[in-house]
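Observations on the model geometry
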Amino acid sequence: MILGGEIGRAAASLFAQEGASLILADLSLEAAEATAHAISDQSQRIVSTQVDITDIESVDAMVDLCAREFNRLDCAFNNAGINLAADVEWELEAFDRSMTVNANGTMYCMTAESKLMLAAGKGSIVNNASANGIVGSTRQPGYSASKHAVVGLTKTAAIRWAKLGIRVNAVCPSSVQTPMTERSMALSPELRTHLMSMSPMGRLATPDEVAEAAMWLCSDRASFINGVALPVDGGFTAG
Ligand SMILES: NC(=O)c1ccc[n+]([C@@H]2O[C@H](COP(=O)([O-])OP(=O)(O)OC[C@H]3O[C@@H](n4cnc5c(N)ncnc54)[C@H](O)[C@@H]3O)[C@@H](O)[C@H]2O)c1
């Protein structure tokens, strides 16, 4: 699993409560270790490691570590991603970086993870896309394009590996209530009004609600769900 941040921590906690052994990987080893520490009493076994998902060798090393430590990979939650403030200004550098991390990074992760899963003839991958991977963003071209790419990759991999025992799905959250979102809304009352106006349910998603959807899609309970980009958005993309 690729984790870090509030959503990653909520997912790690939920997977641990379901009895999973975990590999927690993040660009920041500190973040991965902090998550591991926070849930250490919930999981049978946790291994933390550093990974840069834009570097295929680094991603391969993460999956090799998983193979050495656990000898298998039942499911993967590809949750790492970036959302750059400069993207709002239509900056090409922000566009390129968004594509590199969110789209290429997800492709590299799925490629490496699938090798272990294909060898076992079984596996489930869930990518964290976004509601902006289903509908366009009013503000961020790079974020929206890269998350549409994640949805496209999800569907293509789902078809490619369907007969080989691997399911691939995506969760597509609208804005999630994290400390970062809270800080941004505190600085900009307009942003708060904007985000709330986009939510039919009048609130943001919680990290736990995203984690629940990812957990379900990863699990055998969703055994015939494949190639889905599941909105976790309180009805935002229904409009
Ligand atoms: N927070 C929201 O409102 C929201 C809404 C929809 C989708 N998402 C998606 O959910 C995921 C998690 O978001 P979050 O809000 O918890 O963000 P976050 O910034 O708290 O966590 C993202 C994590 O990804 C890691 N990361 C960034 N670049 C990396 C790289 N090159 N290699 C490895 N790790 C890297 C970061 O270190 C960080 O720990 C992202 O993919 C994001 O796009 C978030």
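My aim in this report is to walk through the structure given alongside it, one point at a time. (Residues numbered from 1 in each chain as written. Predicted model: local features only at pLDDT ≥ 70, side-chain atom pairs only at ≥ 80, totals over all residues.)

What about the overall build of the protein chain?
Helix and strand counts for the protein chain come out as eight helices and six strands. Going residue by residue from the N terminus, the α and β elements of the protein chain occur as α-β-α-β-α-β-α-β-α-β-α-α-α-β. Expected size for 239 residues packed as a compact globule is a radius of gyration near 18 Å; at 17 Å, the protein chain falls within 12% of this value. With respect to the principal axes defined by its C-alpha atoms, the protein chain has extents near 50 × 40 × 35 Å. At a minimum sequence separation of 6, the contacts of the protein chain that also span at least 24 residues come to 70%. (Helix = DSSP H or I, 4+ residues; strand = E, 2+ residues; numbered from the N terminus. Rg over C-alpha atoms; globule rule 2.2 N^0.38 Å. Contact = placed C-beta atoms within 7 Å.)

Comments concerning the sheet that holds strand E3 (residues 75-78)
Read across the open sheet, the four strands follow the order E3-E4-E5-E6; overall the sheet is parallel. Only two strands of the sheet have a single partner each, and these edge strands are E3 and strand E6 (229-232). For this sheet, the mean inter-axis angle between neighbouring strands, taken without regard to orientation, is 20 degrees. Here E3 runs beside strand E4 (residues 123-128); their pairing, made up of four bridges, is parallel. Within the sheet, the bridge partner assigned to Ala76 lies in E4 and is Ile125. Relative to strand E5 (residues 166-173), helix H8 (residues 207-218) is tilted by about 165 degrees, and along the sheet it contacts E3, E4, E5 and E6. (Pairing = 2+ DSSP bridges. Axes fitted to C-alpha atoms, helices over the stretch in contact; angles between N-to-C directions.)

Topic: the packing of helix H1 (residues 5-17) against H8
In contact at an axis separation of 8 Å, H1 and H8 are set at 50 degrees when each is read in the N-to-C sense. Between H1 and H8, the interaxial angle falls into the category oblique. The hand of the H1/H8 crossing is right-handed. Facing Glu6, Ile7, Ala10, Ala11, Leu14 and Phe15 of H1, the residues of H8 in contact are Pro207, Asp208, Val210, Ala211, Glu212, Ala214 and Met215. Considering only residue class, the contact of H1 with H8 consists of ten nonpolar, no polar and three charged. (Parallel < 35°, antiparallel > 145°, perpendicular 65-115°, else oblique. Left-handed = near helix turned anticlockwise from the far one by under 90°. Nonpolar A, V, L, I, M, F, W, Y, C, P; charged D, E, K, R; others polar.)

Focus: the nonpolar core
In terms of nonpolar packing, the biggest core is built from 62 residues, with Ala11, Val171, Val210 and Ala214 touching the most fellow members. Considering each element in turn, this core owes the most residues, eight residues, to helix H4 (residues 92-120). Residue contacts for Val210: discarding those within four places in its chain leaves Ile7, Ala10, Val171, Pro173, Val176, Ala205 and Val232. (Core = buried A, V, L, I, M, F, W, Y, C linked by C-beta atoms within 7 Å. Buried ≥ 20, exposed ≤ 12 C-beta atoms within 10 Å, placed from the backbone.)

Looking at H1
Counted at 1.5 Å a residue, the expected span for H1 with its 13 residues is 18 Å, and the 18 Å between its end C-alpha atoms agrees. Burial runs high along H1: ten of the 13 residues are buried. Where H1 is concerned, the buried positions are Gly5, Ile7, Gly8, Arg9, Ala10, Ala11, Ala12, Leu14, Phe15 and Ala16. At its buried positions, H1 is contacted by strand E1 (22-26), helix H2 (29-38), E3, E4 and H8. One or two residues past the end of H1 sits Gly19, with phi positive at roughly 95 degrees. (Expected span 1.5 Å × (residues − 1).)

Observations concerning unusual backbone geometry
Phi angles above zero are rare outside glycine, and Asn71 is one such case at about 65 degrees. In this structure, Asn71 sits in the loop between helix H3 (56-70) and E3. A tally of 9 C-beta atoms within 10 Å means that Asn71 is categorised as exposed. The phi dihedral of Trp90 falls on the positive side, at around 60 degrees, and the residue is not glycine. Tracing the sequence through the fold places Trp90 in the loop between E3 and H4.

Some words on the pairing of strand E2 (residues 46-50)
Here E1 runs beside E2; their pairing, made up of five bridges, is parallel. Across the sheet, residue Leu24 finds its bridge partner in E2, namely Ser48. Remark: the E1/H2/E2 crossover connection has right-handed handedness. (Right-handed = clockwise from strand over helix to strand, strands pointing away.)

With respect to the environment of Ser13
Here Ser13 lies in helix H1. Accessibility expressed as a C-beta count within 10 Å gives 19 for Ser13, which makes it partly exposed. Linking Ser13 and Gln42, residues 29 residues apart in sequence, is a C-alpha distance of 7.1 Å.

Regarding the packing of H4 against helix H5 (residues 141-161)
At a closest axis distance of 8 Å, the pairing of H4 and H5 adopts a crossing angle of 20 degrees. Relative to H5, H4 is oriented roughly parallel. The way H4 lies across H5 gives a crossing that is right-handed. Counted together, Ala94, Phe95, Ser98, Met99, Asn102, Ala103, Thr106, Met107, Met110 and Ser114 of H4 and Pro141, Gly142, Tyr143, Ala145, Ser146, Lys147, Ala149, Val150, Leu153, Ala157 and Trp161 of H5 form the full contact between these two elements. When grouped by side-chain class, the residues that make up the contact of H4 with H5 number 14 nonpolar, six polar and one charged.

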